[in-house]
Structures are given as C-alpha cells and as structure tokens.
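# Summary of the model geometry
Spelled out from the first residue to the last, the chains are:
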Amino acid sequence: MAVTDSQSPFAQHRRWMNTQSVADVVANVRSGTLSRVGYTAVMAFISLALLPAWLAGIWLAFIVAWELAVRPSLEDKFALPAAKRSEAEGFGWLAAINVIGATGYTIYPVAVWTTGEAMGMVLATAWICGSANHLFVYFSANRWLLLSCVVPLAVLSLGAPLVTTGMSLETAIAISSLGALMLAAGTFGIDLVSKVMIYAI
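Conventions we followed
Residues numbered from 1 in each chain as written. Predicted model: local features only at pLDDT ≥ 70, side-chain atom pairs only at ≥ 80, totals over all residues. Heavy atoms only, no water. Helix = DSSP H or I, 4+ residues; strand = E, 2+ residues; numbered from the N terminus. Contact = heavy atoms within 4.5 Å. Phe/Tyr/Trp six-rings, centres within 6.5 Å; stacked < 30°, edge-to-face > 60°. Buried < 20%, exposed > 50% of the residue type's maximum accessible area, 1.4 Å probe, protein only. Lys NZ or Arg CZ within 6 Å of the ring centre and 35° of its normal. pLDDT = per-residue confidence, 0-100. Core = buried A, V, L, I, M, F, W, Y, C linked by side-chain atoms within 4.5 Å. Expected span 1.5 Å × (residues − 1). Arc of directions from axis to C-beta.

## Remarks on the environment of Met 182
Position of Met 182 among the secondary structure elements: in helix H8 (residues 169–200). In this structure, the C-alpha to C-alpha distance between Met 182 and Ala 132, residues 50 residues apart in sequence, is 5.7 Å. Those residues in contact with Met 182, other than ones at most four positions away along the chain, are Ile 128, Ala 132, Leu 153, Ala 154, Ser 157 and Leu 158.

Right, here's the structure in full:
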C-alpha cells in the first residue's frame, strides 16, 4: 500500500516505524557518522571562547572514539546478534547502547550553557535543537530506542537553566522555551521522515 499525502505526518511516521529493523537503524545511523563528528569538531572549536581547550579536547576525543569504534563495536557484539533472535531484543540493546551516546553528546553543550554567557546559551540551544531533530530522524524506529536518547537530552538540557540561574521566573521561561524548541525540532524530524517515505515508496 503506497503512502499518500492525505495521511498525517504522524500516521506516516508510525507506518515507517513498523518497517525499520535493527539492521536498518544501525545502517542509517552509521551513514551519518562523519557529519556528526564534523559538527562536534565545529562545536568544540567555537566553544574554546568559553571553556578550556582541554575540556573541549576530551569531549571531542570521546565523540570520535564513540562514533568510529565504541558504538559500532557494541552494535556488532550485542545489538545485531540479538536482533537475529528477536527484533525487540535487538532494539533493547540499541536503546541501552545509545543512552550512553545521547548523554555524551548532550553533557558538553550543557556545560557551555552553564557558563552563563549569551554566546554559550545560543550555542547550546542550537546544539540541543539540532540533537532533538536528529534523534527523531535516526532513532524513532522504536519507542524505547527513541526514549533512551530523548530522556538524557531532555533531562540535561532542561536542567541547565536551573543549574545556571536557580529557581526563578527567568529560569522557568528558559526551561519552557527550550522545551518548546526541542518539541518543534522533534516534530520537524517526524515530518522530514514522512516526506522521505513519500518519495521512497
């Protein structure tokens, strides 16, 4: 049955979720490895205006190791073999693996936010929104997999204003704004996947 424009993006996305295997998700994520490493390098470089070079270097080294060696190794050793027995088990392993990556990707931009500098907040907001969009594009084939990535992003990101300025009206506005931006970015990711489906089927 072909996907038609009359279906809502959310209905199209639910249909797409039912067609993606663990192997499909792994292949899709690996196809974006170089772009993620590249964006991380840019973020680390710009952040030098706000944080020490050694901290940026540690974060960049972690992301490079995660993308090029650690995550692929864990996928090959645990997620893909498990998926041959059961897709549900395979997605469970993917969720466990990617909660580490989601935390690693988010913790440094949150540190940039907590500098309290306007530039840092802009950089962190851009990264957080981009991450939310990325997660819904690459990791929404399974609900548990998506949650394993969204929860660390949301908890760390929405906690940043509280850590920076304490409980105040300003903090509440910042948290609400970040939450709305993350939701909008995620919704755009769903819509993007739906549009890709229309042209691919």
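## Section: the packing of aromatic side chains
If you walk through the whole model with that rule in mind, you get five aromatic pairs. Ring geometry for Trp 59 and Trp 127: centres 5.4 Å apart, planes at 70 degrees, overall edge-to-face. Remark: Trp 127 occurs in helix H6 (residues 118–138) and Trp 59 occurs in helix H4 (residues 53–85); sequence separation between them is 68 residues. Here the two residues Trp 59 and Trp 127 agree in accessibility, since each one is buried. Here Phe 62 and Trp 66 contribute two aromatic rings whose centre-to-centre distance is 6.2 Å and whose plane-to-plane angle is 15 degrees, an arrangement assigned as stacked. Here the residue Phe 62 and the residue Trp 66 both occupy positions in helix H4, the gap between them amounting to four residues, near one helical turn. A residue is classified by how much of its surface remains accessible, and Phe 62, at 34% relative accessible area, is partly exposed. Through successive ring pairs, a cluster of aromatic residues spans Trp 59, Tyr 105, Tyr 108 and Trp 127. It is Arg 36 that lies over the ring of Tyr 138; its NZ or CZ is 5.9 Å from the centre.

## Topic: the confidence of the model for the protein
Per-residue confidence for the protein gives a mean pLDDT of 88; residues scoring 70 or more make up 85%. Within the protein, the element-level pLDDT minimum falls on helix H1 (residues 9–17), averaging 55, and the maximum on H4, averaging 98.

## Notes on the nonpolar core
Grouped together as the largest cluster of nonpolar side chains are 42 residues, with contacts concentrated most on Val 22, Val 25, Trp 59, Phe 91 and Leu 94. Here this core takes nine residues from helix H5 (residues 87–113), the largest share from any one element. Apart from the residues within four sequence positions on either side, Leu 94 is in contact with Val 22, Val 25, Val 26, Glu 75, Ala 79 and Leu 145.

## Some words on helix H3 (residues 33–46)
In a regular helix each residue adds 1.5 Å, so 14 residues correspond to 20 Å; H3 covers 20 Å between its end C-alpha atoms and thus fits that length. Among all positions in H3, only Thr 33, Arg 36, Val 37, Thr 40, Met 43 and Ala 44 are buried. One face of H3 carries all of its buried residues, which in axial projection span an arc of 125 degrees. Every exposed residue of H3 that faces more than 90 degrees away from the buried side is listed here: Leu 34, Tyr 39 and Phe 45. Taken together, the buried residues of H3 touch helix H2 (22–31), H4, H5 and H6.

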